[in-house]
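# Examining the three-dimensional arrangement
Residues per chain are reported as follows:
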Amino acid sequence: MRRSGLCVGCGACGAVAPDSYGQLAPLSEADVAAICPFSPQAPDEDELSARRFPQAPRRDASIGRFEAAYVGHVAEDDFRSRGSSGGLASWFAAELLRLGLVDGVAHVAPRPTPPLFGYRISRTVEQVKAGAKSRYHPVALGPALQEIRQTPGRYAIVGVPCFIKALCLLRRRDPLLRARVAFTLGLFCGHMKSAHFGECLAWQIGVPPADLTAIDYRAKDVRRPANWYRVRAEDVEGGTREGDWMHLAGGDWGAGSFQNPACDFCDDVVAETADVSFGDAWIEPYASDGRGTNVVVIRAPGLHALVQAALAQGRLRLDEVDADLVARTQAAGLRQRREGLAYRLALYGRRGPVSPRKRVCPSTRLPLRRKLIYRARRRIARDSARVYGLARKLGALRIYLLWARGSYALYEALVYERGWLGAVVARLASIRRPRE
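Residues numbered from 1 in each chain as written. Predicted model: local features only at pLDDT ≥ 70, side-chain atom pairs only at ≥ 80, totals over all residues. Heavy atoms only, no water.

### Here's the deal with the environment of Asp-322
- The topology assignment puts Asp-322 in the loop between β15 (316-321) and α11 (323-329).
- Classification of Asp-322 by relative accessible area gives partly exposed; the value is 46%.
- Taking the C-alpha atoms as reference points, Asp-322 and Val-297, separated by 25 residues in sequence, lie 9.8 Å from one another.
- Separated by 2.9 Å, the side chain of Asp-322 and the backbone nitrogen of Leu-325 make a polar contact. (Helix = DSSP H or I, 4+ residues; strand = E, 2+ residues; numbered from the N terminus. Buried < 20%, exposed > 50% of the residue type's maximum accessible area, 1.4 Å probe, protein only. Polar contact = N/O pair within 3.5 Å; in protein donor to acceptor, adjacent residues only side chain to side chain.)

### What to know about unusual backbone geometry
- With omega at -5°, the peptide bond leading from Pro-114 into Pro-115 counts as cis.
- A cis amide bond links Glu-284 to the next residue, Pro-285, at an omega of 10°.
- Located in the positive-phi region is Lys-133, a residue other than glycine, with phi close to 95°.
- Within the secondary structure, Lys-133 sits in the loop between α5 (125-130) and α6 (142-150).
- When its relative accessible area of 21% is taken as the criterion, Lys-133 is described as partly exposed.
- One non-glycine residue, Glu-417, lies in positive phi territory at about 60°.
- Mapping Glu-417 onto the fold places it in the loop between α15 (397-416) and α16 (419-429).
- You can call Glu-417 partly exposed: its relative accessible area is 28%.

### Notes on the sheet that holds strand β12 (residues 240-244)
- Judged by pairing direction, the sheet is antiparallel, and its three strands sit side by side in the order β10-β11-β12 without closing on themselves. Among the strands making up the open sheet, the edge pair consists of β10 (212-216) and β12. The sheet shows a mean angle of 20° between the axes of neighbouring strands, taken without regard to direction. (Pairing = 2+ DSSP bridges. Axes fitted to C-alpha atoms, helices over the stretch in contact; angles between N-to-C directions.)

### Brief notes about the packing of helix α9 (residues 195-204) against helix α14 (residues 368-394)
- For the pair α9 and α14, the least separation of the axes is 11 Å and the interaxial angle reads 55°. Considering their axes alone, α9 and α14 lie oblique with respect to each other. As α9 runs across α14, the sense of the crossing is left-handed. Side by side, α9 and α14 meet where His-196, Glu-199, Cys-200 and Trp-203 of the first sit next to Tyr-388, Ala-391 and Arg-392 of the second.
- Considered class by class, the residues forming the contact of α9 with α14 number four nonpolar, one polar and two charged. (Parallel < 35°, antiparallel > 145°, perpendicular 65-115°, else oblique. Left-handed = near helix turned anticlockwise from the far one by under 90°. Contact = heavy atoms within 4.5 Å. Nonpolar A, V, L, I, M, F, W, Y, C, P; charged D, E, K, R; others polar.)

Right, here's the structure in full:
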C-alpha cells in the first residue's frame, strides 16, 4: 500500500509505474484494502489456504497446507537445461497446455524493449520454454490480467507469493477471473529486487545502464555448484559480459541490497496460497549439482495426480520428502521471514498509518547479534537504493562501490565473523556463530 510503503507493484489494484528507485508503485489506490496482499483488512495466508485446500491432508507452520512435497528434476526434453533449477516450473506450465487443461500461461519473460522483463501469456510449449529461468526484476501482473479478461479461455498464472495472494484476493471479488484462472503456480521467494539490482550487477562487469539490453541472472554451468550464481549481460552492440555474483557488490542475496521495502513485512516464503509451488533445493547434495534441483510443494489434488502419472512414465525424477526437508532448503529465508519479521514488527510495524497483519507476533527476544544482523539488512536494503540512485544519476559507479564495500564489511563481520571487525564482533558479543 503506497502510503505505508508496503507495495510490491503487483498491479492487482490498478496500474503501476516505476519510481526513482527502480521499484513499481501504484498510480491509484482503488480497492487496495481488499486486494493488496499487505492490507491489514485482507485475510492472511492461513485463512486463504484453508478455503482453497480444505481437504489437504498435511499442514506445517513453515510451508502451509499441502498434498505432497518432492525434490528432484525433469527427466524429459530440455526443461532442466533451459531452466535456472530443475525445470519443474516450466514443465508444469507446459504440461497444463499439453493436456488441454489451460489455453494460456501467464508468466514473466524477457522483452525486446525496456523494461527488460514483463508478464506475457504463452499459448505453446515452446513459448513457455522461451520464458524459462528466474527474473529478479520488478514486473506487474496487471497487463496479463487485462488480456485474460478480454480473451475467453482457461489460464494458469505463475508468480511469487505476494502476487499469488493478491490474485486469490482479486478472484474472490471478480467472478470473471475466478472462472478463467484455473491454476496458480507459485515461486519460492527470498525477497523482490528493484530494476537497479540487475543494472548494478551488469555495470560492475562492464555493461553500463544505458547500454544494457538483456540480462541472464543465473547463467547455467553444469560444472559449477548450482548456488554459485553467475550473471550474463548483453550490451547494445550484441557483446556479452559475465561475472560471479559472489565477486560483485550487492551479490550476497541475504544482505538485502535493492530489496523491495514491503518484503520486510512478508511471512510467506513458499507461496502457501498457490496450487503448486517451486523452489531451489538449497541443501546438500542438491546444491552442489550444477544441473539444478527443484523442491516442489503440491496443494491441489489434481496436480498431484498429474505428477504421479508423469513419475510412472519416467518423465520426472522426484523423491517424496516431508515438510521438514522443504523447510531446511529455505532455512535462511524462513528465519528472515519469521524470526526477523517478529523483530521488525516490534521495531517498525506499528509506525505509520497502516499496521500490517501478520502470523507472527512482535518480539524483541533475540540475541544482540541477531538483532544487529536484522538491522544491518534493513539499512542495506534502504541505503542501497539511495546510494545507487545517486551513482546512477552522476554516472559514477565508484560512489556505490565505496558505500557497498563499507556496508558489506560490517554485514560480513556480523554474520560470518570475517575480517578484523568480525573478530571484534565475536569477542564482544560472546555468542555462537549465527546459522546463516
